Every structure is written in C-alpha cells, then in structure tokens.
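The residues making up each chain are set out below.
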Amino acid sequence: KITKVVVSSGVTSIGNHAFGDLSEVTEVQLPDTVERIGQSAFEGYGATRFVAPKSLKVIEKNAFVDTSLREVVLNEGLETLGERAFYGSNRIKTIVFPSTIKEIPVASFHPGTVNGKNNKHYLSKVYFLGNAEDFKSINIGIDNTWFQDKATIYYYRESVADGDYGTYWKYAGQNNTPVQYFYSL
C-alpha cells in the first residue's frame, strides 16, 4: 500500500484527479515549484495536514473534497480558490489563510452533508495573514458563513505594542506552525 508520495522538483501543476481516492496516503510532498492544483486532485486524501507550496497560485474546484485534513496552511501568494475546494473536509480545525485571496467561492469550506443535513464541522481557528480590514474585504460566497461566524479569526502581527488588544498570531519555528501570542480582553 502506498502511504507517501514525493513529487519531483520542477513539476508546476498537479493534474485533475491526480491523487483522488488515495485514502491510505498520509503524506504528499509537493515541491515549491507547484503553481496549480487541479480539480479533485486530492479528493478523499487521507493526510491530516496540508502545507501549500510557496509558489501555489491556484487551487481548483473540488481539489480537496472529503479529505481527512485537520490543518490547512495556505501560502501567501495564493490567488484563486475554487468552488467547493475543501467541501466535506469537515475535520479541519485550523486554517492559515493568505491575504492574497480576495474571494472564498461557494461552499469552499462547507462541511458537507449526509441525508440532507450539514455535517458537524470542527473549524475553530483561522490564522489570517493580514489585518481585520483585509479580512472584511474578502468576498465570502454562500455556504461559507460558518467559516466567518463560528471560528475565531486571528490576525497576523510580528509584534504587539502595550495596549494593542486583539487576537493576533505569528509563525513559530521552521514548520509553519501558527502561535497565538496575544488575546482579546
């Protein structure tokens, strides 16, 4: 059984359905040369963490439908997120979200449905790589309201001055781990 896939450096696009239904794959290493992830490329993906390559610009529709993801780290520079990109991946607890995305299309982070009822979602923290005004300017499509209303949004700051209250975060270490370091009063 295949549990790990390493994509060679120089590859710029992950094709449609490339890793679809590989639920036993727990790790795919993508090189920083990847600029596009195609439709349904990781549908049913079994890994719990996805860290986008630094050069990724496009995640097409349905790219990560019905995965086991719990943490998603999207890169600054990502420009396009397709409809239903993470639909049904209801186990996601945290997302690092870039300021370069200007739209969250229809149902991009919808938890999916069973027998006509929405699945429970676990999203509790969104680490946004921008400020509150930038986040408010994002066009959030229908069936994404839980993304905005049910999770705590943390805004990126390298440092905070005394009396600068809010929910902020920064990276810690080399592995893109977000750390909250100042809380609202």
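What you are looking at is a predicted structure, and each value in this text was computed from that prediction instead of being measured.

Rules behind the numbers
Residues numbered from 1 in each chain as written. Predicted model: local features only at pLDDT ≥ 70, side-chain atom pairs only at ≥ 80, totals over all residues. Heavy atoms only, no water. Helix = DSSP H or I, 4+ residues; strand = E, 2+ residues; numbered from the N terminus. Buried < 20%, exposed > 50% of the residue type's maximum accessible area, 1.4 Å probe, protein only. Contact = heavy atoms within 4.5 Å. Areas by Shrake-Rupley, 256 points an atom, 1.4 Å probe, with all protein chains shown as cover. Phe/Tyr/Trp six-rings, centres within 6.5 Å; stacked < 30°, edge-to-face > 60°. Lys NZ or Arg CZ within 6 Å of the ring centre and 35° of its normal. Core = buried A, V, L, I, M, F, W, Y, C linked by side-chain atoms within 4.5 Å. Polar contact = N/O pair within 3.5 Å; in protein donor to acceptor, adjacent residues only side chain to side chain.

Colleague: Tell me about the overall build of the chain, residues and numbers included.
Modeller: On a plain count of helices and strands, the chain comes out with 2 helices and 17 strands. Within the chain, the proportion of its 185 residues that are buried is 45%. Counting only contacts in the chain whose residues sit at least 6 apart along the sequence, the fraction spanning at least 24 positions is 36%. With the model as given, the accessible surface of the chain reaches about 9,500 Å², and the carbon-plus-sulfur share is 45%.

Colleague: Tell me what's going on with the packing of aromatic side chains, and back it up with residues and numbers.
Modeller: For the coordinates displayed, the defined rule picks out 11 aromatic pairs. Summarising the aromatic geometry, the rings of Phe 128 and Phe 135 are spaced 5.2 Å apart at their centres and angled 75° between planes, so their arrangement reads as edge-to-face. We note Arg 84 situated over the ring of Tyr 87; from NZ or CZ to the ring centre the distance is 3.9 Å.

Colleague: Quick rundown of the nonpolar core? Include the residues and the values.
Modeller: Counting 42 residues, the largest nonpolar core has Ile 37, Phe 42, Phe 86 and Phe 97 as its most contacted members. Taken together, the elements giving at least two residues each to this core come down to strand E9 (94-98), strand E13 (125-129) and strand E15 (152-156). With 6 residues, the next largest nonpolar core counts Val 96, Tyr 127, Tyr 154 and Trp 169 among its residues.

Colleague: Mind laying out the side chain of His 121, listing which residues take part and the relevant values?
Modeller: For His 121, the location among the structural elements is in the loop between strand E12 (117-118) and E13. Separated by 3.4 Å, the side chain of His 121 and the backbone nitrogen of Leu 123 make a polar contact.

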